[in-house]
Amino acid sequence: MAVEDADWQRLLETPELAPVAFPLAERRTMARDKMPAVQEKIVNDLAVDGYHGWSNLYDLVAGRISIPWVRDGKEEALSVGQASNVFADPDPALRSAMAKKWEEAWAKEAELCAAALNHLGGFRLNLYKHRGWKNIHKEPLDFNRMSAETLKVMWEAVEGKKDVFVEFLKRKKKLQGLKEMSWFDVGAPLGKVAKTYSFAEACSFVTEQFAGISPRMAEFCAGAFQKRWVEAEDRPGKRDGAFCTSFPLSNETRVFMTFAGSPGNVSTLAHEMGHAFHQHVMAGLPFMAQIYAMNVAETASTFAEMVVADAAVKKAATREEKIALLGGKVRGSISFFMDIHARFLFETAFYERRRRGPVGVDELNGMMLDAQKEAFRNGLDRWHPHFWCSKLHFYITRMPFYNFPYTFGYLFSAGIYALARETPDGFEERYINLLRDTGRMRVEDLASRHLGVDLTKPGFWEQAVEMAAADAREFLSLTD
Ligand SMILES: [Zn+2]
């Protein structure tokens, strides 16, 4: 290293650098963990074609798939994006017909997908070998500023409470009158929610719920709505989805979404306002201290969504509405605790196996099946063996293990929410300070400083999983 440790330390303590000491020290550590700069530069250049190129190939393969489908008597050729929307259809026959076509479409491309996965996986393993990295989770854990211990304890807490979610799946199967419950039925809606909101109603509902938790959050939102920072008009020609974007120099944010009045839209509005508030409280920090990792990026948004979703369940006018809203909440938990867990188990198993050489299509299907069955505790009747083909996340090269940070973020927010309900005194200040530090601390330090909890111990995680389990239990008793 060009700079001696003692000099470096003194440099970080200077008033100019102290505010960005964490990201600077982190970069130094990461660079030290790698090969010498000259070698890393060669790797970077070769990676364009030898690594990221496989991810591009995957995008081409996924982009050219077309699935024949008859809608309203008309023959159509659906892209995978369009086809996947069919899985949200309330009609189980439609979902099952699409599941068959979906599996077939991916099976046809499975050899190309396997080549892409094996080569990008092989590249990663070789690079790790040369850097002297033994643990396959090292890179994603570093990216997410968290320890292996935290990851392990988090999954153990999830596994400890899976029974109630398996029960939920069984109940859902019964309520929907399904003979067999498939992977593709898990996300299907349960019942209808009659209540619709005008945009103005949604804005005041969201603001009101925030006010109960954090007056500053409510005040910020009311201001943003009044200044028309949310583009939510329901009109033709708008793309799907929602996002929040920030303008750090003016300390303003803008939200894009399409508001049609459903409770889902209200959640989305709350979610995006959570992001906006996160950005708002970070104002004034140096740019380098504002960059947060994937696992905490969704903290404020998921937290905001939880506050509003809980209030909606409490305010439900009928039993049916309450069941539908709770069902939606539990469905969300299942995707974080089971679907994402299956991806994590698969990816971990894949890398262990890949060390010994390329893995063929049949073996990949088998490994996927094992991971799904384990993650869902065998709670379904039909699975999705080609999921390793259809899920883009396995092919993202800039971020390996594009899965567990989702579960972390969800549970981290749930844990914060549990604390907010238990000890509301002084919560707002602790919460805002936590958000401000998301770009300049490891998650264990963040939690211990602002929440007084140890993420490497089961307590915090168990409490967070329990919040979701309580929803599932309430659903079970309401539908008994
Ligand atoms: Zn988000």
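Quick summary incoming for the structure in this document. (Residues numbered from 1 in each chain as written. Predicted model: local features only at pLDDT ≥ 70, side-chain atom pairs only at ≥ 80, totals over all residues. Heavy atoms only, no water.)

### A closer look at the overall build of the protein chain
In step 1: In terms of regular secondary structure, the protein chain is built from 21 helices and 5 strands.
In step 2: Computed over the C-alpha atoms, the radius of gyration of the protein chain is 23 Å, within 12% of the 23 Å expected from 2.2 N^0.38 for a compact globule of 480 residues.
In step 3: If one aligns the C-alpha atoms of the protein chain with their principal axes, the spans along those axes are about 70 × 55 × 45 Å.
In step 4: Per-residue burial over the protein chain gives 52% buried out of 480 residues.
In step 5: Within the protein chain, contacts between residues at least 6 apart in sequence are counted, and of these 73% link residues at least 24 apart. (Helix = DSSP H or I, 4+ residues; strand = E, 2+ residues; numbered from the N terminus. Rg over C-alpha atoms; globule rule 2.2 N^0.38 Å. Buried < 20%, exposed > 50% of the residue type's maximum accessible area, 1.4 Å probe, protein only. Contact = heavy atoms within 4.5 Å.)

### Let's talk about the state of the cysteines
In step 1: In the structure shown here, the tally under the stated rule is 0 disulfides.
In step 2: Left without a disulfide partner, C203 is nearest to the cysteine sulfur of C221, which lies 8.9 Å away.
In step 3: Take C203: its relative accessible area is 9%, and that puts it in the buried class.
In step 4: Looking at the unpaired C244, the closest cysteine sulfur is the one in C221, lying at 10 Å. (Disulfide = S-S within 2.5 Å.)

### A few points about the pattern of salt bridges
In step 1: A full pass over the atoms with the stated rule returns 34 salt bridges.
In step 2: K138 is the partner of D142 in a salt bridge, and the nearest nitrogen-oxygen pair spans 2.8 Å. One end of the pair is D142 and the other is K138, both in helix 7 (residues 138-143) and 4 residues apart, which spans about a single turn.
In step 3: Taking relative accessible area as the criterion, K138 reaches 19% and is therefore assigned buried.
In step 4: In this structure, a network of salt bridges that share partners links the residues D310, K329, R421 and D471. (Salt bridge = Lys/Arg side-chain N within 4 Å of Asp/Glu carboxyl O.)

### Focus: unusual backbone geometry
Negative phi characterises most residues that are not glycine, and trans characterises most peptide bonds.
In step 1: Although it is not a glycine, R145 sits at a positive phi angle of roughly 50 degrees.
In step 2: As for its placement among the helices and strands, R145 is situated in the loop between helix 7 and helix 8 (148-159).
In step 3: Judged by its relative accessible area of 8%, R145 falls in the buried class.
In step 4: Here the phi dihedral of R228 falls at roughly 60 degrees; this positive angle occurs in a residue that is not glycine.
In step 5: With respect to the helices and strands, the residue R228 is situated in the loop between helix 11 (215-226) and strand 3 (230-231).

### Describing the coordination of the zinc ion
Each pair of donors in an ideal four-coordinate tetrahedral metal site encloses 109.5 degrees, whereas pairs in an ideal six-coordinate octahedral site enclose 90 or 180 degrees.
In step 1: Protein coordination of the zinc ion is provided by H271 (NE2), H275 (NE2), E298 (OE) and E298 (OE), with donor distances spanning 2.1 to 2.6 Å.
In step 2: Considering all 4 donor atoms around the zinc ion, angles at the metal cover 53 to 137 degrees and the coordination shape is irregular.
In step 3: Donor residues for the zinc ion, ordered by position in the chain, follow H-x3-H-x22-E. You can see H271 and its partner H275 sitting in helix 12 (residues 263-281), 4 residues apart, about one turn around the helix. (Donors = N, O, S within 2.8 Å, 3.2 Å for Na, K, Ca; no water. Tetrahedral: all angles 85-135°; square planar, octahedral: opposite > 155°, others 65-115°.)

### Quick word on the sheet that holds strand 3
In step 1: Across the sheet, which stays open at both edges, the 3 strands sit in the order 3-5-4 with mixed pairing between neighbours. A strand with exactly one partner marks an edge of an open sheet, and here the two such strands are strand 3 and strand 4 (243-247).
In step 2: When strand 4 meets strand 5 (residues 252-256), the two strands line up antiparallel, connected through 5 bridges. Along strand 5, the bridge assignment pairs F247 with E252. (Pairing = 2+ DSSP bridges.)

### Comments concerning the packing of helix 15 (residues 319-354) against helix 16 (residues 361-375)
In step 1: Two numbers describe how helix 15 lies on helix 16: the axes approach to 8 Å, and their chain directions differ by 140 degrees. Taken together, the axes of helix 15 and helix 16 are oblique relative to one another. The hand of the helix 15/helix 16 crossing is right-handed. Here M338, H341, A342, L345, F346, A349, F350 and R353 of helix 15 lie close against helix 16, whose contacting residues are E363, L364, M367, M368, A371, Q372, E374 and A375. (Axes fitted to C-alpha atoms, helices over the stretch in contact; angles between N-to-C directions. Parallel < 35°, antiparallel > 145°, perpendicular 65-115°, else oblique. Left-handed = near helix turned anticlockwise from the far one by under 90°.)

### Observations concerning the nonpolar core
In step 1: Of all hydrophobic cores here, the largest spans 149 residues; its most connected members are F210, M273, W388 and F412.
In step 2: No other element matches the 15 residues that helix 15 contributes to this core.
In step 3: Apart from residues lying up to four places away in sequence, F412 is in contact with V296, T299, L434, L446, A447, L451, L455, F460 and W461.
In step 4: W8, L12, V20 and A21 belong to the second largest nonpolar core, which has 5 residues in total. (Core = buried A, V, L, I, M, F, W, Y, C linked by side-chain atoms within 4.5 Å.)

### Observations regarding a nonpolar patch on the surface
In step 1: A surface patch of nonpolar side chains, about 320 Å² in accessible area, is lined by V38, I42 and L46.
In step 2: One can find L46 in helix 3 (residues 37-50).
In step 3: By relative accessible area, L46 is classed as exposed at 56%. (Patch = residues over 30% accessible without salt bridge, like charges linked within 9 Å, V, L, I, M, F, W, Y side chains within 5 Å. Areas by Shrake-Rupley, 256 points an atom, 1.4 Å probe, with all protein chains shown as cover.)

### What to know about the side chain of R124
In step 1: When you line up the elements, R124 lands in helix 6 (residues 92-131).
In step 2: Within the buried core, R124 has no salt-bridge partner, and the shortest N-O distance to an opposite charge, that of E347, equals 4.1 Å.
In step 3: Within the local environment of R124, its side chain forms a polar contact with the side chain of Y51, the two groups lying 2.7 Å apart.
In step 4: If we ignore the near neighbours within four places in the chain, the residues touching R124 are Y51, E347, Y351, I396, T397, M399 and P400. (Lys, Arg positive; Asp, Glu negative; His and termini not counted. Polar contact = N/O pair within 3.5 Å; in protein donor to acceptor, adjacent residues only side chain to side chain.)

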